[in-house]
Amino acid sequence: MTDQLIRATAANNGIRAVGVITTNLTQEARERHNLSYVATAALGRSMAGSLLLASSMKQPQARVTLRIRGNGPMKGLYADAGLNGTVRGYVHDPQVELPLNLEGKLDVGGAIGPIGSLNIIRDIGYGEPHSSTTELVSGEIGEDLTYYLATSEQTPSALMLGVFVEEKHVEAAGGLLIQIMPKAATDEALVSLLESRITGLQSFSSLLRSGKSLPMIFEELLGDLGLDIFPDVLPVKFHCPCTRDRVTAALPLLGESDLADMIAREETAEANCHFCNETYRVPPLELREILSQMRSGEMDPD
Ligand code: ZN
């Protein structure tokens, strides 16, 4: 199935549901950053989570940035996603690998936490972005985002995120977000029915691997509650807006003497975008131009 995001409502708009499939884009992130298994799961969950968070925004250019810092060996990660379906991200140490946890799953919580913080920035494209930070619950990311939604955004939510990697390949990845809107939050029977169904659901990656599509998963959860699946299917993809010019603009930060040394040794400089790991190469001839611009004061390294 192609990577995509779909939305639905149920219970007369009292329930909002969003599902996203991110299998291919998680595989792309794994290849770009040369991610270990556990790093693939951590970044895959975070990218799916940030796409789900971005889906509730209204402005076309709106974006969500997700930052996790933790005391585990991976140290943390970054993901950002737009309402337009683009997402990118990286982890601080992509090579960390850990044994499976007691449930036989990739130990994302052990790689990231358990102690640390989750920072979410919602940027609508103008004005001051809204930033909020919560403590990590477990470092498993799904639980941390659920806690964030309940405390910082006061929206009772169930969030499932899953990434399944086998034989160096991402077989299934994505997530599901079910939110109870204020008008339905007082309906205790509805809330407890939903809770028991979500608890009874398999892990999200198992659902996908068993061949279920997003509409089938929605149907299973909300089919008898006035489910209304929106016809729009939003394609989602890994995308970084970096350009050669933007990335090489950081080269003057190396300083005049280092640049002069590289030119003397006829070396090609490499400038790397840490969001997507794209490497841009700058040959000595071009380095000479940069250096002469720096020396004539045309370029300010700050
Ligand atoms: Zn980039």
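Scroll up to find the structure this text is about.
Calculation rules
Residues numbered from 1 in each chain as written. Predicted model: local features only at pLDDT ≥ 70, side-chain atom pairs only at ≥ 80, totals over all residues. Heavy atoms only, no water. Core = buried A, V, L, I, M, F, W, Y, C linked by side-chain atoms within 4.5 Å. Buried < 20%, exposed > 50% of the residue type's maximum accessible area, 1.4 Å probe, protein only. Helix = DSSP H or I, 4+ residues; strand = E, 2+ residues; numbered from the N terminus. Domains from an automatic or database assignment. Contact = heavy atoms within 4.5 Å. Pairing = 2+ DSSP bridges. Axes fitted to C-alpha atoms, helices over the stretch in contact; angles between N-to-C directions. 1 Å grid on protein atoms, 1.4 Å probe; cavity = no way out; pocket = protein on both sides within 12 Å on 5 of 7 lines; lining within 4 Å. Points joined across faces, edges and corners; volume = space filled by probe spheres on them. Nonpolar A, V, L, I, M, F, W, Y, C, P; charged D, E, K, R; others polar. Phe/Tyr/Trp six-rings, centres within 6.5 Å; stacked < 30°, edge-to-face > 60°. Lys NZ or Arg CZ within 6 Å of the ring centre and 35° of its normal. Donors = N, O, S within 2.8 Å, 3.2 Å for Na, K, Ca; no water. Tetrahedral: all angles 85-135°; square planar, octahedral: opposite > 155°, others 65-115°.

Caption draft 1: Seen up close, the nonpolar core. In terms of nonpolar packing, the biggest core is built from 69 residues, with M74, I112, I141 and L145 touching the most fellow members. In terms of residue count, the dominant contributor to this core is helix 2 (residues 37-54) (11 residues). If you count residues domain by domain, this core takes at least three from each of domain 1 (4-238) and domain 2 (244-296). Excluding residues within four positions of it along the chain, I141 makes contact with A42, R45, S46, I68, L77, V108, I112 and L161. In terms of nonpolar packing, the next biggest core, distinct from the first, is built from 27 residues, A8, I15, V191 and F204 among them.

Caption draft 2: Structural view of the sheet that holds strand 3 (residues 63-70). Taken together, six strands build an open sheet; the order of strands is 7-6-3-4-5-12 and the sheet is mixed. In the strand order of this sheet, the two ends are held by strand 7 (130-135) and strand 12 (237-238), each with one partner. As paired strands, strand 5 (residues 86-91) and strand 12 are joined by two bridges and run parallel to one another. Paired with T86 across the two strands is K237, which belongs to strand 12. Along the sheet face, helix 2 touches strand 3, strand 4 (76-82), strand 5, strand 6 (116-123) and strand 12 and points at about 35 degrees away from the line of strand 4.

Caption draft 3: Main features of the layout of surface pockets. Estimated volume of the largest pocket: approximately 680 Å³. As for the largest pocket, its lining consists of 23 residues, of which R45, E103, K105, E140 and L161 are closest to the centre. Mapped by element, the contributors of at least two residues to the lining of the largest pocket are helix 4 (142-151), strand 8 (157-166) and helix 7 (204-209). In terms of residue count, strand 8 provides more of the lining of the largest pocket than any other element does, seven residues in total. Each residue belonging to the lining of the largest pocket can be placed in one class, and the counts come to nine nonpolar, eight polar and six charged. Put simply, the second largest pocket is a space of about 320 Å³. Around the second largest pocket sit 17 residues that line it, and S157, A158, L159, E195 and I198 are the ones nearest its centre. The set of elements that each furnish at least two residues to the lining of the second largest pocket consists of helix 4, strand 8, strand 9 (169-180) and helix 6 (188-200).

Caption draft 4: Examining the packing of aromatic side chains more closely. All chains considered together, the criterion is met by three aromatic pairs. Aromatic pair Y90 and F275: ring centres 5.8 Å apart, planes at 70 degrees, arrangement edge-to-face. Of this pair, Y90 sits in strand 5 while F275 sits in the loop between strand 13 (269-272) and strand 14 (279-282), placing them 185 residues apart in sequence. The exposure classification of Y90 matches that of F275, with both residues buried. Its end group placed over the ring of Y37, R30 keeps NZ or CZ at 4.9 Å from the ring centre.

Caption draft 5: Fine view of the coordination of the zinc ion. Looking at the zinc ion, the protein donor atoms are C240 (SG), C242 (SG), C273 (SG) and C276 (SG), and they sit 2.2 to 2.4 Å from it. Viewed at the metal, the four donor atoms of the zinc ion are separated by angles of 104 to 114 degrees, and the geometry they form is tetrahedral. Spacing between the donor residues of the zinc ion along the chain follows C-x1-C-x30-C-x2-C. Separated by 31 residues along the polypeptide, C242 in the loop between strand 12 and helix 9 (244-248) and C273 in the loop between strand 13 and strand 14 bring together distant segments of the chain. Residue class for C242 comes out buried when judged on its relative accessible area of 16%.

In short, geometric facts, not functional conclusions.
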